[in-house]
Amino acid sequence: MKRGLYVGRFQPFHNGHKAVIDGLAEEVDELIIGIGSADISHDIRHPFTAGERVLMITRALNGLKIPFYVIPLEDVKRNALWVAHVKSMVPPFDTVYTSNPLVIQLFKEAGIPVLSPPMYLRESLSGTAVRKKMYHGEEWEEYVPKEVVSVVEEIHGIERMQQIAKSD
Ligand code: NAD
């Protein structure tokens, strides 16, 4: 039994994340998806709450051929303690999948194997690029799974982002 951990902020969950997870479903028997910065929402880089991201990911992965667990992970002030914090919150895992340099470094220092899945269309498929399109009222729907579009609509996410981006 091989259980993998995939960590991200998923602000929002996009087609690049989905493509990585579809690939991981061929490699591991079970997957843990850790939602980082679970305590942060309603700001420009982190518009969505942990619960909203749980909804996006769970719905978008409906039909994934392996069992998966979606677990919010609050940030901690000390990077040196973060891996222990993550391990205390999620089921046991064998390998971490990430391309985030800090996340790679922290898990490697803890002696946990780390693999970096390939990037998919990184120019257009990044949280920053998708959020930018959302704020500017451009087409963003094609870059995320359709289930994410319906969650964003349900929570009036675009209106929230445009409101919090204003100055007083
Ligand atoms: P992210 O949502 O930007 O990305 C998640 C993963 O998807 C990353 O591995 C990224 O490389 C990958 N990805 C992004 N676009 C892709 C594409 N087009 N194709 C394929 N893969 C793609 O999230 P992130 O910034 O990596 O999240 C790390 C989380 O860990 C953050 O929430 C951070 O706060 C948390 N963290 C916390 C601490 C602490 O609390 N001290 C320390 C380290 C990390």
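Quick note: structure is the one above.
The rules we used
Residues numbered from 1 in each chain as written. Predicted model: local features only at pLDDT ≥ 70, side-chain atom pairs only at ≥ 80, totals over all residues. Heavy atoms only, no water. Salt bridge = Lys/Arg side-chain N within 4 Å of Asp/Glu carboxyl O. Helix = DSSP H or I, 4+ residues; strand = E, 2+ residues; numbered from the N terminus. Buried < 20%, exposed > 50% of the residue type's maximum accessible area, 1.4 Å probe, protein only. Contact = heavy atoms within 4.5 Å. Near = heavy atom within 4 Å. Polar contact = N/O pair within 3.5 Å; in protein donor to acceptor, adjacent residues only side chain to side chain. Areas by Shrake-Rupley, 256 points an atom, 1.4 Å probe, with all protein chains shown as cover. 1 Å grid on protein atoms, 1.4 Å probe; cavity = no way out; pocket = protein on both sides within 12 Å on 5 of 7 lines; lining within 4 Å. Sits in = over half its atoms within 2 Å of the grid points. Nonpolar A, V, L, I, M, F, W, Y, C, P; charged D, E, K, R; others polar.

Caption draft 1: Structural detail: the pattern of salt bridges. One pass over the structure, following the stated rule, counts seven salt bridges. Here E154 makes a salt bridge to R59, at a shortest N to O gap of 3.1 Å. Of the two residues, E154 is situated in helix 6 (residues 146-154) and R59 in helix 2 (residues 50-60); the sequence distance between them amounts to 95 residues. Among the residues examined, E154 registers a relative accessible area of 47% and is labelled partly exposed. R59 sits in the partly exposed class, given a relative accessible area of 32%.

Caption draft 2: Highlighting the environment of G34. If you trace the backbone, G34 turns up in strand 2 (residues 30-35). In the structure, G34 is positioned 24 residues away from F10 in sequence and 9.6 Å away in space, judged by C-alpha atoms. The residues contacting G34, other than those within four sequence positions of it, are L5, Y6, V7, G8, F10, I71 and L73.

Caption draft 3: Structural view of the site of the ligand. Residues in contact with the ligand amount to 26 residues; listed here are only the nearest, S37, N79, Y120, R122 and L125. Between a nitrogen atom of the ligand and a main-chain N or O atom of L125, the distance comes to 2.7 Å. If the ligand stood free it would expose 850 Å²; the protein chains cover 90% of that surface. Comparing atom positions with the cavity grids shows the ligand to sit within the largest pocket. Mapped by element, the contributors of at least two residues to the shell around the ligand are strand 1 (3-8), helix 1 (15-24), helix 3 (79-89) and helix 4 (101-109). Residue composition of the shell around the ligand, by class: 13 nonpolar, 10 polar and three charged.

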